[in-house]
Amino acid sequence: MPKTLLERCADLIEELGLGTRLELADVRVLTGGVASDIASLRVGKTRYCAKFALPKLKVAADWHAPLHRNAAEYAWLQIAAKVVPESAVRLFGRSDHAHGFVMEFVTGADVYLWKSALLEGKLPRGEARAVGDMVGRIHEASAHSGFDRSSFQNRDDFLALRLEPYLTYTAAQHPSVARQLTELSDLLYHSEQVLVHGDVSPKNVLIRNSGPVILDAECATMGDAAFDPAFCLNHLILKGVHLPSLRTALFAEALQFWGAYAPHITWENSSALEARVCRLLPALMLARIDGKSPVEYLSPARQEHIRLLALPMIARPAPTLSEFMEELASRLKDLVS
């Protein structure tokens, strides 16, 4: 019989030497993710966060993923702690056989979830710039010849977690752009430029005074640098469509993200990378409507707006992000006028 989350937490804290199961108290299930079981727990006076990978994701579609991705996530968090120590989460150990680890439970009066702030309609406070800088610093560090890539040879995991559910699955729903989506999937699968997080989404970014804390690196792999910026920018765009009162501010935030990220590009010509971001962005917009993991906050009307925006931009992508955002704003204005 499968162990309960409480039992798994007790086993994990004992294995990692953080305390005994008798000291374990106040275990609370944390919601919001679909790929793992996550809990906050207290051992003595210290509160921790425990995370365990799931073999089947909690979505409507049939979506399975390898449990060993938990090791890649922990390794990404270790890299972040070295490259951006002021923003990193503290780590307390990982279990191979339990496919779980323990980290700091990030809390405090200054802490908030970026996604919650956006959906509550709060004006941006420079979050996109800070996240863009952090992602850029990690990409830049991982592009150096001495970077140890051994923990991040995970292209098949990335295929299962990102390329198939986002691009391949969506291609089957939209034959008119299937070729473009399939080409993007192939390009991303074969690239090994930098260390890609794979899920730089506002739901995975906690903001505190010392900077952003990026969590949930289950998709971490050596991959194409375009993926992380495009993935994050896509969420700003989708929320801009969802929230007309914040649209101008959020579209401006997308450019702020890129402005902070771009100075870190050392591994290729920045214009070439920017062009790939512009190819990938509309594909991800469409994927978050008709892929295996649709966003939950868009109304049917807004979903249709995204389709009408994304399809022509997949077929004829803009060469720069500024042109992309200008075209997007113009097309959206025509749709809602």
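Everything discussed here concerns the structure shown above.
Residues numbered from 1 in each chain as written. Predicted model: local features only at pLDDT ≥ 70, side-chain atom pairs only at ≥ 80, totals over all residues. Heavy atoms only, no water.

1. Thoughts on the overall build of the protein
The secondary structure content of the protein amounts to 11 helices and 10 strands. In summary, the protein has a C-alpha radius of gyration of 20 Å against a globular reference of 20 Å for 337 residues, a match within 12%. In terms of overall dimensions, the protein has a C-alpha envelope of 60 × 40 × 40 Å along the principal axes. Across the 337 residues of the protein, 55% fall into the buried class. Long-range pairs, those at least 24 residues apart, make up 69% of the contacts in the protein with a sequence separation of at least 6. Approximately 13,900 Å² of the protein is accessible, and the part contributed by carbon and sulfur atoms is 54%. Treating the 36 positive side-chain charges of the protein as one cloud and the 39 negative ones as another, the clouds have centres 4 Å apart. (Helix = DSSP H or I, 4+ residues; strand = E, 2+ residues; numbered from the N terminus. Rg over C-alpha atoms; globule rule 2.2 N^0.38 Å. Buried < 20%, exposed > 50% of the residue type's maximum accessible area, 1.4 Å probe, protein only. Contact = heavy atoms within 4.5 Å. Areas by Shrake-Rupley, 256 points an atom, 1.4 Å probe, with all protein chains shown as cover. Lys, Arg positive; Asp, Glu negative; His and termini not counted. Charge placed at Lys NZ, Arg CZ, Asp CG, Glu CD.)

2. A closer look at the pattern of salt bridges
Going through the model one piece at a time under the given rule, you end up with 27 salt bridges. A salt bridge links Arg 21 to Asp 11, with the nearest nitrogen and oxygen atoms 3.0 Å apart. Here Arg 21 is found in the loop between helix H1 (5–15) and strand S1 (24–30), whereas its partner Asp 11 is found in helix H1, with 10 residues between them in sequence. Accessibility expressed as a relative area gives 25% for Asp 11, which makes it partly exposed. (Salt bridge = Lys/Arg side-chain N within 4 Å of Asp/Glu carboxyl O.)

3. Quick word on the packing of helix H5 (residues 155–173) against helix H9 (residues 270–290)
Remark: H5 packs on H9, axes separated minimally by 9 Å, with the N-to-C direction vectors making an angle of 75°. For the element pair H5 / H9, the angle class is roughly perpendicular. Of H9, the residues touching H5 (which contributes Tyr 166, Leu 167, Tyr 169, Thr 170 and Gln 173) are Leu 280, Ala 283, Leu 284, Leu 286, Ala 287, Arg 288 and Asp 290. (Axes fitted to C-alpha atoms, helices over the stretch in contact; angles between N-to-C directions. Parallel < 35°, antiparallel > 145°, perpendicular 65-115°, else oblique.)

4. Thoughts on the pairing of strand S9 (residues 211–214)
Across 4 bridges, strand S8 (residues 205–208) lies against S9 in antiparallel orientation. For Val 205, the partnering residue across the bridge sits in S9 and is Ile 214. (Pairing = 2+ DSSP bridges.)

5. Concerning the environment of Ile 265
Note that Ile 265 resides in the loop between helix H8 (247–261) and H9. For the pair Ile 265 and Gly 136, spaced 129 residues apart in sequence, the C-alpha to C-alpha distance is 7.2 Å. In this structure Ile 265 touches Trp 258, Ser 270 and Leu 273, once residues within four positions along its chain are discounted.

6. Looking at the side chain of Lys 239
Position of Lys 239 among the secondary structure elements: in helix H7 (residues 227–242). Buried within the structure, Lys 239 lacks any salt-bridge partner; Glu 296 is the closest side chain of opposite charge, at an N-O distance of 7.0 Å. Excluding its chain neighbours within four sequence positions, the residues that come into contact with Lys 239 are Lys 115, Leu 118, Leu 119, Leu 250 and Tyr 297.

7. Details of unusual backbone geometry
The phi torsion at His 99 lies on the positive side, around 50°, for a residue other than glycine. Relative to the helices and strands, His 99 is located in the loop between strand S4 (91–95) and strand S5 (100–104). Positive phi is not limited to glycine here, since Asp 216 has a value of about 55°. Checked against the element boundaries, Asp 216 lands in the loop between S9 and strand S10 (221–223).

8. Brief notes about the nonpolar core
Considering soluble globular proteins, one finds that nonpolar side chains tend to be buried as a cluster. Counting 97 residues, the largest nonpolar core has Trp 76 and Phe 324 as the members making the most contacts within it. Counting residues per element, this core draws most heavily on H9, at 11 residues. Discounting residues that sit within four places of it in the chain, Trp 76 has contacts with Ile 138, Phe 152, Leu 195, Val 196, His 197, Ile 214, Ala 217 and Ala 220. With 14 residues, the next largest nonpolar core counts Cys 9, Leu 12, Leu 24 and Tyr 48 among its residues. (Core = buried A, V, L, I, M, F, W, Y, C linked by side-chain atoms within 4.5 Å.)

9. Details of the packing of aromatic side chains
The final tally for this structure, using the stated rule, is 8 aromatic pairs. One aromatic cluster is present, formed by Phe 158, Tyr 166, Phe 227 and Phe 231 through successive ring pairs. A cation over a ring is seen here: Arg 8 above Phe 52, with NZ or CZ 5.1 Å from the ring centre. Its guanidinium or amino end placed over the ring of Tyr 112, Arg 125 lies 4.3 Å from that ring's centre, counting from NZ or CZ. (Phe/Tyr/Trp six-rings, centres within 6.5 Å; stacked < 30°, edge-to-face > 60°. Lys NZ or Arg CZ within 6 Å of the ring centre and 35° of its normal.)

10. Concerning the sheet that holds strand S6 (residues 112–113)
Strand order in the open sheet formed by 3 strands is S6-S8-S9, with antiparallel pairing between adjacent strands. The sheet terminates laterally at S6 and S9, the two strands that pair on one side only. As defined by bridge partners, S6 adjoins S8 across 2 bridges and the pair is classed as antiparallel. Paired with Leu 113 across the two strands is Leu 206, which belongs to S8.

Function-wise, these values are silent; they only describe arrangement.
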